[in-house]
Amino acid sequence: MRRSGLHRQHGKQGVGGTKGIYAKLTIAVAVLLICTLSLLFSATIGGNRGSTEPSEINTEELWESAKSGGWRPSSAPRSNWPPPPKETNGYLRVRCNGGLNQQRSAICNAVLAARIMNATLVLPELDANSFWHDDSGFQGIYDVEHFIQTLKYDVRIVESMPEIRKNGKTKKIKAYQIRPPRDAPISWYTTAALKKMQEHGAIYLTPFSHRLAEEIDNPEYQRLRCRVNYHALRFKPNIMKLSESIVDKLRAQGHFMSIHLRFEMDMLAFAGCFDIFNTEEQSILKKYRKENFAEKRLVYKERRAIGKCPLTPEEVGLVLHAMGFDNSTGIYLAAGELFGGERFMKPFWALFPRLENHSSVDSSEELATNNQGLLGSAVDYMVCLLSDIFMPTYDGPSNFANNLLGHRLYYGFRTTIRPDRKGLAPIFIDRENGRTAGFEQAVRRVMLKTNFGGPHKRVPPESFYTNSWPECFCQMSPKNPADKCPPDNILEILDSRLENEMASDAEALAETNSTSRAER
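First, a word on scope: everything that follows refers to the structure included in this document.

Rules of the game
- Residues numbered from 1 in each chain as written.
- Predicted model: local features only at pLDDT ≥ 70, side-chain atom pairs only at ≥ 80, totals over all residues.
- Heavy atoms only, no water.
- Helix = DSSP H or I, 4+ residues; strand = E, 2+ residues; numbered from the N terminus.
- Polar contact = N/O pair within 3.5 Å; in protein donor to acceptor, adjacent residues only side chain to side chain.
- Buried < 20%, exposed > 50% of the residue type's maximum accessible area, 1.4 Å probe, protein only.
- Pairing = 2+ DSSP bridges.
- Core = buried A, V, L, I, M, F, W, Y, C linked by side-chain atoms within 4.5 Å.
- Contact = heavy atoms within 4.5 Å.
- Expected span 1.5 Å × (residues − 1).
- Axes fitted to C-alpha atoms, helices over the stretch in contact; angles between N-to-C directions.
- Parallel < 35°, antiparallel > 145°, perpendicular 65-115°, else oblique.
- Left-handed = near helix turned anticlockwise from the far one by under 90°.
- Nonpolar A, V, L, I, M, F, W, Y, C, P; charged D, E, K, R; others polar.
- Phe/Tyr/Trp six-rings, centres within 6.5 Å; stacked < 30°, edge-to-face > 60°.
- Disulfide = S-S within 2.5 Å.

Moving on: the side chain of Asp388. Structurally, Asp388 can be placed in the loop between helix 16 (374-386) and strand 13 (389-392). A distance of 3.5 Å separates polar atoms of two side chains, one belonging to Asp388 and the other to His255.

Attention now moves to unusual backbone geometry. Residue Pro461 follows Pro460 across a cis peptide bond; omega there is 10°. Of note, Pro461 is situated in the loop between helix 19 (439-448) and strand 14 (473-475). Of note in the backbone geometry, Asn118 takes a positive phi value of approximately 50° without being a glycine. For Asn118, a relative accessible area of 24% translates into the label partly exposed. Even without being glycine, Phe413 reaches a positive phi, approximately 55°.

Turning to the pairing of strand 13, a few remarks are in order. Burial along strand 13 is two-sided: the face carrying Ile389 and Met391 and the face carrying Phe390 and Pro392 are both buried. Where strand 10 (residues 256-260) meets strand 13, four bridges bridge the pair, whose relative direction is parallel. Bridge pairing in strand 13 links Ser258 to Phe390.

What follows is about the nonpolar core. Core analysis: the largest hydrophobic core is formed by 70 residues, its most contacted members being Leu92, Phe147, Tyr189 and Phe235. The dominant element in this core, judged by the number of residues it contributes, is helix 3 (residues 100-117), at eleven residues. The contacts of Phe147, once residues within four sequence positions are left out, are Ile107, Val111, Leu123, Phe138, Ile157, Val228, Ala232 and Leu233. Ile57, Leu355, Met391 and Leu424 belong to the second largest nonpolar core, which has 32 residues in total.

A few words now on helix 17 (residues 399-410). Between the first and last C-alpha of helix 17 there are 16 Å, a value that for twelve residues agrees with the 16 Å anticipated at 1.5 Å per step. With respect to burial, helix 17 is a largely interior element, eleven of its twelve residues being buried. The set of residues buried in helix 17 consists of Phe400, Ala401, Asn402, Asn403, Leu404, Leu405, Gly406, His407, Arg408, Leu409 and Tyr410. Two residues or fewer past helix 17, Gly412 is found with a positive phi of approximately 125°.

Two numbers describe how helix 16 lies on helix 17: the axes approach to 10 Å, and their chain directions differ by 40°. Between helix 16 and helix 17, the interaxial angle falls into the category oblique. Crossing handedness for the pair helix 16 and helix 17: right-handed. Of the residues in helix 17, those in contact with Ser377, Asp380, Tyr381, Cys384, Leu385 and Leu386 of helix 16 are Phe400, Asn403, Leu404, His407 and Arg408. Among the residues making up the contact of helix 16 with helix 17, the classes are represented as six nonpolar, three polar and two charged.

This next bit is on the packing of aromatic side chains. Each aromatic ring pair is specified by the distance between its two centres and by the angle formed by the two planes. Scanning all chains against the criterion turns up 20 aromatic pairs. Centroid distance Trp71 to Trp469: 5.2 Å. Interplanar angle 75°. Geometry classified as edge-to-face. Of this pair, Trp71 sits in strand 1 (residues 71-73) while Trp469 sits in the loop between helix 19 and strand 14, and the two are 398 residues apart along the sequence. For the pair shown, Trp71 and Trp469 are each scored as buried.

Applying the stated rule across the entire model yields three disulfides. Bridging Cys273 to Cys309, the disulfide has an S-S length of 2.0 Å. Every disulfide takes its handedness from the sign of the S-S torsion; for Cys273 and Cys309 that torsion is -100°, giving left-handed. With Cys273 in the loop between helix 9 (265-271) and helix 10 (279-292) and Cys309 in the loop between helix 11 (300-305) and helix 12 (313-323), this pair connects stretches of sequence that are 36 residues apart. Judged on exposure class, the residue Cys273 and its partner Cys309 are both buried.

Next up, the structure:
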């Protein structure tokens, strides 16, 4: 667009004409600089949706997936990836502690550790003494046959430790127990752990939460993690059916978003966010913190100012309302028992009355009897994965939110709304102190600077399980050859390699048997 002030025809200049031209050129340069800075500012706050208005958000666009930039999910090997040999170095047992999603990350690490050590993986154990107090085990939550079959090109997996016959008695191989270092490097597995495995024939790593470094400078190892997380780990058919039934019922009424409302006792105690509660509730939180977390000086005002407190239900509602969502928006709540009771939910209900959870949508006995256990968590996970929009209210140490962010990215850049709690904190504090002018516009400005689910560079402390781009994504016409998608017949290639390996094993076995008979 032309600006008339920069293209005006000049008449006679007379005395001092040169100074006049210089002055006008200076003004022109200044105007041009202002325009350029204005365009850059607009581009910055426009987010990855390309918004041209610095204070407006197109909620209709948010119901669709984010722009992919030509990227698509792909965790298949792109270089030489031999199948697991028949003879391994021993057996690997692991005990995955924590809740469902912490265990999920641990399972991915266990498969990678088995590949690194050339070990046979025993089906991972899920800690029955975890937060959920649920002893369903791997077989009670995941499709075991699918898990083993999907990873046949990567590792050998058995459902239990094999038995051996010794001194006329049959007993299972005893695994040597080791406590692995936190975030152990690959070198620990190829030295200390492997040495014990070769000595004893089997090792038992416990606990096994965060026991393998996330950032590994080997894209093929990272892609194996994605194959486990997004392909091999499939919930049992009854859980999938139940989740899909809930999604169908919700979607029958139109678009819906899911919200992980992490306003629960354990997270509030961990964060040290006590002051908004009454005296009795503060005592409960402080007691829980003392019993479960390391002692640390925590000041509520300081914690909140830097975005370390989970958003309250009311704050979640205010953010969504400021973004342009109205009271007809369907919302699915994935949450445990909200701390503080109904008084914290009332303001949210007032803004968004169409609130549901798995119990309100499906009142089946199956969910009713395991509402807060691994089954309820698995159903919440699937509904959040399949929802049109997902919003975590606290994605700090929340494995549920972080895993879902990564899964939705891999599932096709599905929209996520990630509130910038640090950016929003001063706006909410101003509102509480009576300074409400421009509140919604200020919220929108903060939210427009966030990423809504498109591909973006992983920056610490963001986890690989939250963002596996670019390792687990590819492009058909890439600028970097390393980003090129593998051939469409990659499974046929892997099958062929596996068959060749099995044929070689069969030939070697036949040759050994033939030699033995000849020696007799």
